[in-house]
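Residue-level structural notes
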Amino acid sequence: KNEVEQSPQNLTAQEGEFITINCSYSVGISALHWLQQHPGGGIVSLFMLSSGKKKHGRLIATINIQEKHSSLHITASHPRDSAVYICAAPLYSGGGADGLTFGKGTHLIIQP
Amino acid sequence: EPEVTQTPSHQVTQMGQEVILRCVPISNHLYFYWYRQILGQKVEFLVSFYNNEISEKSEIFDDQFSVERPDGSNFTLKIRSTKLEDSAMYFCASSVEGNTEAFFGQGTRLTVV
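Conventions adopted
- Residues numbered from 1 in each chain as written.
- Chains lettered and ligands numbered in written order.
- Predicted model: local features only at pLDDT ≥ 70, side-chain atom pairs only at ≥ 80, totals over all residues.
- Heavy atoms only, no water.
- Pairing = 2+ DSSP bridges.
- Helix = DSSP H or I, 4+ residues; strand = E, 2+ residues; numbered from the N terminus.
- Axes fitted to C-alpha atoms, helices over the stretch in contact; angles between N-to-C directions.
- Disulfide = S-S within 2.5 Å.
- Buried < 20%, exposed > 50% of the residue type's maximum accessible area, 1.4 Å probe, protein only.
- Contact = heavy atoms within 4.5 Å.
- Buried area = accessible area lost by both parts, 1.4 Å probe.
- Salt bridge = Lys/Arg side-chain N within 4 Å of Asp/Glu carboxyl O.

For the rest of this paragraph, the subject is the sheet that holds strand β3 (residues 19-24) of chain B. Residue and element names in this part refer to chain B. Here 4 strands make up an open sheet; going across it, the order is β1-β3-β8-β7 and the pairing antiparallel. Two strands in the sheet have a free side with no partner beyond their single neighbour: β1 (5-7) and β7 (65-68). When strand polarity is set aside, the average angle formed by the axes of neighbouring strands in this sheet is 20°. The pairing of β7 with strand β8 (residues 75-79) spans 4 bridges and is classified as antiparallel. Within the sheet, the bridge partner assigned to Glu68 lies in β8 and is Thr76.

Each disulfide is one covalent bond, formed between the sulfur atoms of two cysteines. Residues and elements named next belong to chain A. This structure, assessed with the given rule, holds 2 disulfides over all chains. Here Cys23 is linked by a disulfide to Cys87, with a sulfur-sulfur distance of 1.8 Å. Its S-S torsion of about -50° marks the bond between Cys23 and Cys87 as left-handed, since a negative value means left-handed. Of this pair, Cys23 sits in strand β3 (residues 19-25) while Cys87 sits in strand β9 (residues 83-90); the two residues are 64 residues apart in sequence, bridging distant segments of the chain. Across the pair, exposure class does not vary: Cys23 and Cys87 are buried alike.

In this structure, Ser30 of chain A sits in the loop between β3 and β4 (32-37). The class for Ser30 of chain A is partly exposed, based on a relative accessible area of 31%.

Another point: the sheet that holds strand β7 (residues 59-64) of chain A. All names here are of chain A. Spatial strand order, β1-β3-β8-β7-β6: 5 strands in an open sheet with antiparallel pairing. Taken across any chain shown, the strands that pair with only one partner, and hence form the sheet edges, are β1 (4-7) and β6 (52-56). Neighbour-to-neighbour, the strand axes of this sheet turn through a mean angle of 15°, independent of strand direction. Across 6 bridges, the pairing between β3 and strand β8 (residues 69-74) is antiparallel. Considered in β8, the bridge of Thr20 is made with His73.

If a strand is regular, its side chains alternate between the two faces of the sheet. Residue and element names in this part refer to chain B. Only one face of strand β11 (residues 108-112) is covered, namely the face carrying Thr108, Leu110 and Val112; the face carrying Arg109 and Thr111 is uncovered. Relative to β11, strand β2 (residues 10-13) runs parallel, the two being bridged by 4 bridges. Within β11, the residue paired with Gln11 across the bridge is Leu110. Pairing of strand β9 (residues 88-95) with β11, which is carried by 3 bridges, proceeds in the antiparallel orientation. Bridge assignment links Ala88 to a residue of β11, and that residue is Leu110.

The partner chain B presents 22 residues to the 24 residues of chain A that form the contact. Summed over both partners, the interface of chain A with chain B comes to about 1,800 Å²; 57% of that surface belongs to carbon and sulfur atoms. Area buried by chain A at its contact with chain B is led by Ile43, Ala97 and Phe102 of chain A, which between them contribute 31% of it. In this assembly, chain A and chain B are joined by 1 salt bridge.

Bringing the side chain of Arg36 of chain B into the picture now. All names here are of chain B. In this fold, Arg36 is placed in strand β4 (residues 31-37). For Arg36, a relative accessible area of 10% puts it in the buried group. Contact partners of Arg36, with chain neighbours within four places excluded, come to Lys42, Val43, Glu44, Leu46, Ile60, Glu85, Asp86, Ala88, Met89 and Tyr90.

The next subject is the side chain of Thr106 of chain A. Residues and elements named next belong to chain A. You can see Thr106 is positioned in strand β11 (residues 106-111). Residue Thr106 is classed as buried on the basis of its relative accessible area of 0%. Among all residues touching Thr106, those that are not within four sequence positions of it are Gln6, Ser7, Pro8, Gln9, Leu11, Ile21, Ala83, Val84 and Tyr85.

The structure is reproduced here in C-alpha coordinates:
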(Lines give C-alpha, C1' and ligand atoms only; values in the text may rest on other atoms or scores of the structure.)
Protein backbone atom coordinates (compact mmCIF):
# COMPACT_ATOMS: atom_id res chain seq x y z
CA LYS A 1 0.00 0.00 0.00
CA ASN A 2 1.37 3.38 -1.03
CA GLU A 3 2.34 6.06 1.45
CA VAL A 4 2.61 9.70 0.37
CA GLU A 5 4.68 12.33 2.14
CA GLN A 6 4.59 16.02 1.34
CA SER A 7 6.71 18.94 2.39
CA PRO A 8 6.51 21.57 3.59
CA GLN A 9 3.23 21.36 5.51
CA ASN A 10 2.94 25.14 5.67
CA LEU A 11 4.50 27.75 3.41
CA THR A 12 4.14 31.50 3.52
CA ALA A 13 5.75 33.54 0.76
CA GLN A 14 5.66 36.98 -0.76
CA GLU A 15 3.90 37.70 -4.00
CA GLY A 16 6.16 36.99 -6.97
CA GLU A 17 8.25 34.31 -5.27
CA PHE A 18 8.97 30.94 -6.88
CA ILE A 19 7.27 28.19 -4.90
CA THR A 20 8.26 24.53 -4.67
CA ILE A 21 6.25 21.79 -2.97
CA ASN A 22 7.68 18.31 -2.74
CA CYS A 23 6.05 14.89 -2.70
CA SER A 24 7.47 11.41 -2.27
CA TYR A 25 5.71 8.09 -2.41
CA SER A 26 6.68 4.57 -1.42
CA VAL A 27 5.34 2.25 -4.13
CA GLY A 28 6.03 2.45 -7.85
CA ILE A 29 3.03 3.91 -9.61
CA SER A 30 1.71 4.61 -13.06
CA ALA A 31 0.83 8.26 -12.40
CA LEU A 32 0.75 10.89 -9.68
CA HIS A 33 -1.87 13.55 -9.06
CA TRP A 34 -1.54 17.12 -7.88
CA LEU A 35 -4.72 18.67 -6.53
CA GLN A 36 -5.74 22.02 -5.13
CA GLN A 37 -8.16 22.52 -2.25
CA HIS A 38 -9.61 25.93 -1.52
CA PRO A 39 -10.92 27.11 1.87
CA GLY A 40 -14.48 26.16 0.90
CA GLY A 41 -13.28 22.58 0.68
CA GLY A 42 -13.68 21.77 -3.00
CA ILE A 43 -10.90 19.77 -4.66
CA VAL A 44 -9.68 20.54 -8.17
CA SER A 45 -7.33 18.37 -10.18
CA LEU A 46 -4.27 20.30 -11.36
CA PHE A 47 -2.10 17.63 -12.93
CA MET A 48 -1.84 13.94 -13.47
CA LEU A 49 1.59 12.93 -14.64
CA SER A 50 3.45 9.72 -15.21
CA SER A 51 6.82 11.02 -16.42
CA GLY A 52 8.82 14.17 -17.03
CA LYS A 53 7.14 17.51 -16.69
CA LYS A 54 3.79 19.19 -17.29
CA LYS A 55 3.03 22.90 -17.38
CA HIS A 56 -0.24 24.75 -17.04
CA GLY A 57 0.04 28.51 -16.89
CA ARG A 58 2.29 29.36 -13.94
CA LEU A 59 2.14 25.84 -12.53
CA ILE A 60 4.75 23.23 -13.35
CA ALA A 61 4.78 19.64 -12.13
CA THR A 62 7.70 17.27 -12.45
CA ILE A 63 8.10 13.63 -11.55
CA ASN A 64 11.05 11.29 -11.18
CA ILE A 65 9.67 7.77 -11.31
CA GLN A 66 12.97 6.13 -10.33
CA GLU A 67 13.31 8.26 -7.21
CA LYS A 68 9.56 8.16 -6.46
CA HIS A 69 9.49 11.91 -6.12
CA SER A 70 7.47 14.74 -7.60
CA SER A 71 7.52 18.51 -7.27
CA LEU A 72 4.97 21.21 -7.91
CA HIS A 73 6.30 24.64 -8.76
CA ILE A 74 4.48 27.95 -8.95
CA THR A 75 6.21 30.75 -10.80
CA ALA A 76 5.46 34.42 -10.10
CA SER A 77 3.20 33.49 -7.19
CA HIS A 78 0.09 35.55 -6.56
CA PRO A 79 -2.23 35.83 -3.54
CA ARG A 80 -4.91 33.97 -5.49
CA ASP A 81 -2.58 30.94 -5.45
CA SER A 82 -3.20 30.66 -1.72
CA ALA A 83 -4.73 27.25 -1.12
CA VAL A 84 -3.87 23.76 0.06
CA TYR A 85 -1.92 21.76 -2.51
CA ILE A 86 -2.22 18.01 -2.25
CA CYS A 87 -0.22 15.22 -3.80
CA ALA A 88 -2.00 11.90 -4.33
CA ALA A 89 -0.91 8.53 -5.66
CA PRO A 90 -2.72 5.30 -6.44
CA LEU A 91 -3.21 3.20 -3.33
CA TYR A 92 -1.52 0.26 -4.96
CA SER A 93 0.10 0.25 -8.39
CA GLY A 94 -2.56 2.15 -10.27
CA GLY A 95 -4.44 -0.54 -12.06
CA GLY A 96 -8.18 -0.68 -12.51
CA ALA A 97 -10.30 1.27 -10.06
CA ASP A 98 -7.47 1.91 -7.65
CA GLY A 99 -8.38 4.66 -5.22
CA LEU A 100 -5.96 7.41 -4.32
CA THR A 101 -3.95 7.90 -1.17
CA PHE A 102 -3.35 11.52 -0.29
CA GLY A 103 -0.58 13.51 1.29
CA LYS A 104 -1.41 15.77 4.21
CA GLY A 105 -1.26 18.78 1.93
CA THR A 106 0.78 21.96 1.84
CA HIS A 107 -1.03 25.03 3.13
CA LEU A 108 0.29 27.86 0.95
CA ILE A 109 -0.24 31.52 1.76
CA ILE A 110 0.99 34.16 -0.67
CA GLN A 111 1.14 37.61 0.88
CA PRO A 112 0.77 40.72 -1.27
CA GLU B 1 -17.70 22.16 -18.56
CA PRO B 2 -19.00 18.87 -17.14
CA GLU B 3 -18.75 18.55 -13.40
CA VAL B 4 -19.46 16.16 -10.57
CA THR B 5 -22.34 17.40 -8.43
CA GLN B 6 -23.05 16.41 -4.86
CA THR B 7 -26.12 16.94 -2.72
CA PRO B 8 -26.72 18.10 -0.12
CA SER B 9 -23.83 20.49 0.49
CA HIS B 10 -24.41 20.30 4.23
CA GLN B 11 -26.22 17.71 6.32
CA VAL B 12 -26.74 17.59 10.05
CA THR B 13 -28.01 14.33 11.47
CA GLN B 14 -28.60 12.75 14.83
CA MET B 15 -26.31 9.96 15.95
CA GLY B 16 -27.76 6.59 14.97
CA GLN B 17 -29.70 7.95 12.00
CA GLU B 18 -29.18 6.79 8.43
CA VAL B 19 -27.91 9.26 5.87
CA ILE B 20 -27.64 9.06 2.12
CA LEU B 21 -25.18 11.26 0.31
CA ARG B 22 -25.83 11.74 -3.37
CA CYS B 23 -23.54 12.29 -6.31
CA VAL B 24 -24.05 12.74 -10.01
CA PRO B 25 -20.80 11.80 -11.76
CA ILE B 26 -19.80 13.12 -15.16
CA SER B 27 -21.97 11.33 -17.69
CA ASN B 28 -19.38 9.40 -19.72
CA HIS B 29 -17.31 8.40 -16.70
CA LEU B 30 -17.18 4.74 -15.72
CA TYR B 31 -15.29 4.76 -12.42
CA PHE B 32 -16.69 6.28 -9.25
CA TYR B 33 -15.16 6.93 -5.87
CA TRP B 34 -16.02 8.16 -2.41
CA TYR B 35 -13.48 9.85 -0.17
CA ARG B 36 -13.80 11.54 3.17
CA GLN B 37 -11.87 14.25 4.98
CA ILE B 38 -12.22 14.66 8.71
CA LEU B 39 -11.68 18.28 9.71
CA GLY B 40 -7.98 19.09 9.83
CA GLN B 41 -6.92 15.71 8.44
CA LYS B 42 -5.97 14.39 5.05
CA VAL B 43 -8.37 13.05 2.49
CA GLU B 44 -8.96 9.30 2.83
CA PHE B 45 -10.16 6.74 0.30
CA LEU B 46 -13.39 4.95 1.13
CA VAL B 47 -14.47 2.97 -1.91
CA SER B 48 -14.25 2.65 -5.68
CA PHE B 49 -17.02 1.38 -7.91
CA TYR B 50 -16.97 0.07 -11.46
CA ASN B 51 -19.34 -1.96 -13.58
CA ASN B 52 -22.01 -1.84 -10.88
CA GLU B 53 -19.89 -3.32 -8.18
CA ILE B 54 -17.34 -2.33 -5.58
CA SER B 55 -13.79 -2.61 -6.91
CA GLU B 56 -11.77 -1.59 -3.88
CA LYS B 57 -12.64 -0.51 -0.36
CA SER B 58 -10.62 0.72 2.57
CA GLU B 59 -10.72 -0.47 6.15
CA ILE B 60 -12.85 2.58 6.92
CA PHE B 61 -15.61 1.25 4.66
CA ASP B 62 -17.15 -1.19 7.10
CA ASP B 63 -20.61 -2.74 7.22
CA GLN B 64 -22.14 0.60 8.15
CA PHE B 65 -21.36 1.93 4.69
CA SER B 66 -22.83 0.97 1.35
CA VAL B 67 -22.78 2.38 -2.15
CA GLU B 68 -25.25 2.12 -4.94
CA ARG B 69 -25.81 3.31 -8.46
CA PRO B 70 -29.60 3.19 -8.46
CA ASP B 71 -30.03 4.54 -11.98
CA GLY B 72 -27.88 5.70 -14.89
CA SER B 73 -26.84 8.94 -13.28
CA ASN B 74 -26.74 8.85 -9.47
CA PHE B 75 -24.11 7.33 -7.22
CA THR B 76 -24.95 7.21 -3.52
CA LEU B 77 -23.15 6.59 -0.26
CA LYS B 78 -25.30 5.37 2.62
CA ILE B 79 -24.25 5.33 6.24
CA ARG B 80 -26.67 3.11 8.12
CA SER B 81 -26.27 4.24 11.71
CA THR B 82 -24.16 7.36 11.98
CA LYS B 83 -21.60 7.88 14.69
CA LEU B 84 -20.04 11.12 15.90
CA GLU B 85 -16.78 10.12 14.23
CA ASP B 86 -18.51 9.98 10.84
CA SER B 87 -18.59 13.78 10.88
CA ALA B 88 -16.47 14.78 7.89
CA MET B 89 -16.51 16.21 4.39
CA TYR B 90 -17.42 13.48 1.92
CA PHE B 91 -16.19 13.81 -1.64
CA CYS B 92 -17.44 11.95 -4.65
CA ALA B 93 -15.14 11.62 -7.67
CA SER B 94 -15.35 10.06 -11.09
CA SER B 95 -12.99 9.23 -13.92
CA VAL B 96 -13.32 8.06 -17.48
CA GLU B 97 -11.16 5.02 -16.88
CA GLY B 98 -9.24 3.59 -13.96
CA ASN B 99 -6.16 5.58 -13.04
CA THR B 100 -7.02 8.57 -15.18
CA GLU B 101 -7.68 12.12 -14.04
CA ALA B 102 -10.25 12.19 -11.27
CA PHE B 103 -12.88 14.91 -11.11
CA PHE B 104 -14.16 15.76 -7.66
CA GLY B 105 -17.47 17.11 -6.49
CA GLN B 106 -17.65 20.05 -4.09
CA GLY B 107 -18.27 17.74 -1.17
CA THR B 108 -21.01 17.15 1.40
CA ARG B 109 -20.22 18.32 4.90
CA LEU B 110 -21.80 15.80 7.27
CA THR B 111 -22.18 16.72 10.91
CA VAL B 112 -23.37 14.06 13.33
CA VAL B 113 -24.71 15.40 16.63
